[in-house]
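Tertiary structure, described
Chain by chain, the residues:
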Amino acid sequence: MAAKRFLDEPGSDRDKREEKRMRTTPSFSTVVREAIMLKSFESLCRSALEPLLRKVMEEELERGINRVARTFYRSPSFKLQAVKSSNLQLIFTKKLSLPIFTSSKIEDEDNNRLQIQLIDTSDGGRNLVTLPSPVKIELVVLDGDFPRVDREDWTCEEFNNDIVKEREGKRPLLTGEVNLTVRDGTCSVGDIEFTDNSSWTRSRTFRIGARVAPGTSQGVRIKEAKTESFQVKDHRGELYRKHYPPSLNDYVWRLERIGKHGAFHKKLAAKGIHTVQQFLKASMVDTFNLRKILGAGMSDRMWEGTIKHAVTCDLGNKLYLYRQGHYKLLLTPICEVLGAMFDDQIYPVAALNAMQKTYVDRMVLDAYKQWEMLEEVDKVLGLGALSQGAVGESHLEIEHMNQQFGQGDAGIVELPSFPNSNLHLEYNEWNQNLMSTPPATIKEGGHVFMADSGSDDDSITNPHPRYLFFSGS
């Protein structure tokens, strides 16, 4: 007989009915509301959470790659290979502008900012190198004797051991923009200056070096850069500094080997040579006399250094015209001949014959002595400055020509006038076909020219060429 079930047992019909009531179908509004909420959550994830998660994943991936790379670079085998075979090197692209004084801005030889490049020397050249990431470098002061032996290879330890630090109680030896970053293989150095002179070091000179900032090399050896050695002088010495290049109006003691108030300076001043222009004019006109003024104290080597420095000056935009009778000389500001005019004909220096050159030398000496009387002309005119006013000044009377050359019986040939024409000189020094031609004075439109067979005397008493032939153009 089956046992009787009690109403409170778990499996009773009452419990089943209650469970069915709980499983009733939700209403339509509830379904719609839940769908809208789900869609909003998906949109939120897509618009806000997805970019955030992507960024986090990228950062973690980058950190992982960097950790692997550092582990690879730090491995002993890679370090050994990098130090042994690295051809990367830092260099200064140009030399420094000298001299250098304390508290003065340091520039290159073109008076621009210093430039540093990262190059590859593997093929013997200087190929610019661009690394994936910037390289941090720093500028340091090296002893002028670095490296100890005459070689261009050194170790990192040798470089660091020759870094010069400031004297006790002094400011850092090199101040300014000493921490730099090389991007795309190059970087520009900002304002830097020395705070102390170099006289207290063993070599009495410094170099500027550039090295990869400590702790940033990642095991890759990049050879350091260094400038040429140089002295650093106290700022007060700048009052006596030489100018590179000098100007024409600079005092003569701005030239190398000539010290302010020194023996050479006093000797030159006693002879009226106070400026670079006056010094160069004297050297052009009479080098022997200028050397005599300076005396035996100026050796040949010192003289060469002074002249080499002096000729670097800018001559400016002015030329000078010297007139003597019917002849003209065109001179530079340092009394150097550019050209000459004889009887309306312009000769560049290279076209002068020996006789003409001798006469020109005498004219140059006269021009030097009468420099203040010379006429200034613009450089752009060039040799054309010689032709200014030439027509009016070259009108000579036949009687004057006959009297000058003693040709009382000279024949006169009247030529038709050629207005607005230029007469060009054709010079034939010894034309055998015309040796028997009698002297003749030729007059054309008021212009008188001489064709002189002359004597065999080659002296400069008669500066005219033996034959002068003219043709209209």
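Since the structure is predicted, the reported quantities are computational estimates derived from the model, not experimental observations. (Residues numbered from 1 in each chain as written. Predicted model: local features only at pLDDT ≥ 70, side-chain atom pairs only at ≥ 80, totals over all residues. Heavy atoms only, no water.)

Re the overall build of the protein
On a plain count of helices and strands, the protein comes out with 11 helices and 22 strands. Restricting the contact set of the protein to residue pairs at least 6 apart, pairs at least 24 apart contribute 65%. Counting every atom, the protein has about 29600 Å² of accessible surface; 52% of that belongs to carbon and sulfur. (Helix = DSSP H or I, 4+ residues; strand = E, 2+ residues; numbered from the N terminus. Contact = heavy atoms within 4.5 Å. Areas by Shrake-Rupley, 256 points an atom, 1.4 Å probe, with all protein chains shown as cover.)

Observations concerning the sheet that holds strand 5 (residues 135-143)
The strand order across the open sheet formed by four strands is 7-5-10-11, and the pairing between neighbours is antiparallel. Of all strands in the sheet, those with a lone pairing partner are strand 7 (179-182) and strand 11 (225-226), marking the two edges. Relative to strand 11, strand 10 (residues 206-212) runs antiparallel, the two being bridged by two bridges. Bridge pairing links Ala210 to Ala225 in strand 11. (Pairing = 2+ DSSP bridges.)

A short note on the environment of Asp108
Among the secondary structure elements, Asp108 is positioned in the loop between strand 2 (100-101) and strand 3 (115-120). In contact with Asp108, other than residues within four places in its own chain, are Lys94, Lys95, Leu96, Ser97, Arg113 and Leu114.

Re the side chain of Asp108
Nearest to the buried, unbridged Asp108 among oppositely charged side chains is Lys94, at 4.7 Å. Among the polar contacts listed, one links the side chain of Asp108 to the backbone nitrogen of Asp110, at a separation of 2.8 Å. (Buried < 20%, exposed > 50% of the residue type's maximum accessible area, 1.4 Å probe, protein only. Lys, Arg positive; Asp, Glu negative; His and termini not counted. Salt bridge = Lys/Arg side-chain N within 4 Å of Asp/Glu carboxyl O. Polar contact = N/O pair within 3.5 Å; in protein donor to acceptor, adjacent residues only side chain to side chain.)

A few points about unusual backbone geometry
The omega angle of the peptide bond from Phe146 to Pro147 is -10°, so this bond is cis rather than trans. One can find Pro147 in the loop between strand 5 and helix 4 (156-161). Omega for the bond connecting Tyr244 with Pro245 falls within 30 degrees of zero, at -5°, which places this linkage in the cis form. For Pro245, the position within the fold is in the loop between strand 12 (232-233) and helix 5 (263-270). One non-glycine residue with positive phi stands out, namely Ser103, at about 65°. In this structure, Ser103 sits in the loop between strand 2 and strand 3. Taking the relative accessible area as the measure of exposure, Ser103 reaches 46% and is therefore partly exposed.

Quick look at the pattern of salt bridges
Going through the model one piece at a time under the given rule, you end up with eight salt bridges. Residues Glu375 and Arg323 are paired through a salt bridge, measuring 2.8 Å at the closest nitrogen-oxygen approach. With Glu375 in strand 17 (residues 375-378) and Arg323 in strand 13 (residues 318-324), the pair connects residues that are 52 residues apart, well separated along the chain. When its relative accessible area of 31% is taken as the criterion, Glu375 is described as partly exposed. What makes Arg323 partly exposed here is its relative accessible area of 32%.

Re the packing of aromatic side chains
Considering all chains together, one arrives at 11 aromatic pairs under this definition. Considering the side-chain rings of Trp200 and Phe206, the 6.3 Å spacing of their centres and the 70° angle between planes classify their relative orientation as edge-to-face. Judged by relative accessible area, which is 0%, Phe206 ranks as buried. Arranged with centres 6.1 Å apart and planes meeting at 50°, the rings of Phe279 and Trp303 form a pair that is tilted. In this pair, Phe279 is assigned in helix 6 (residues 276-285) and Trp303 in helix 8 (residues 300-310), connecting sequence segments 24 residues apart. The exposure classification of Phe279 matches that of Trp303, with both residues buried. Aromatic rings pair up to connect Phe194, Trp200, Phe206 and Phe230 into one cluster. (Phe/Tyr/Trp six-rings, centres within 6.5 Å; stacked < 30°, edge-to-face > 60°.)

What about the pairing of strand 16 (residues 345-348)?
The side-chain alternation of strand 16 yields one buried face, formed by Gln345 and Tyr347, and one unburied face, formed by Ile346 and Pro348. The sheet contact formed by strand 15 (residues 337-342) and strand 16 spans four bridges and is antiparallel. Bridge pairing in strand 16 places Ala340 opposite Tyr347.

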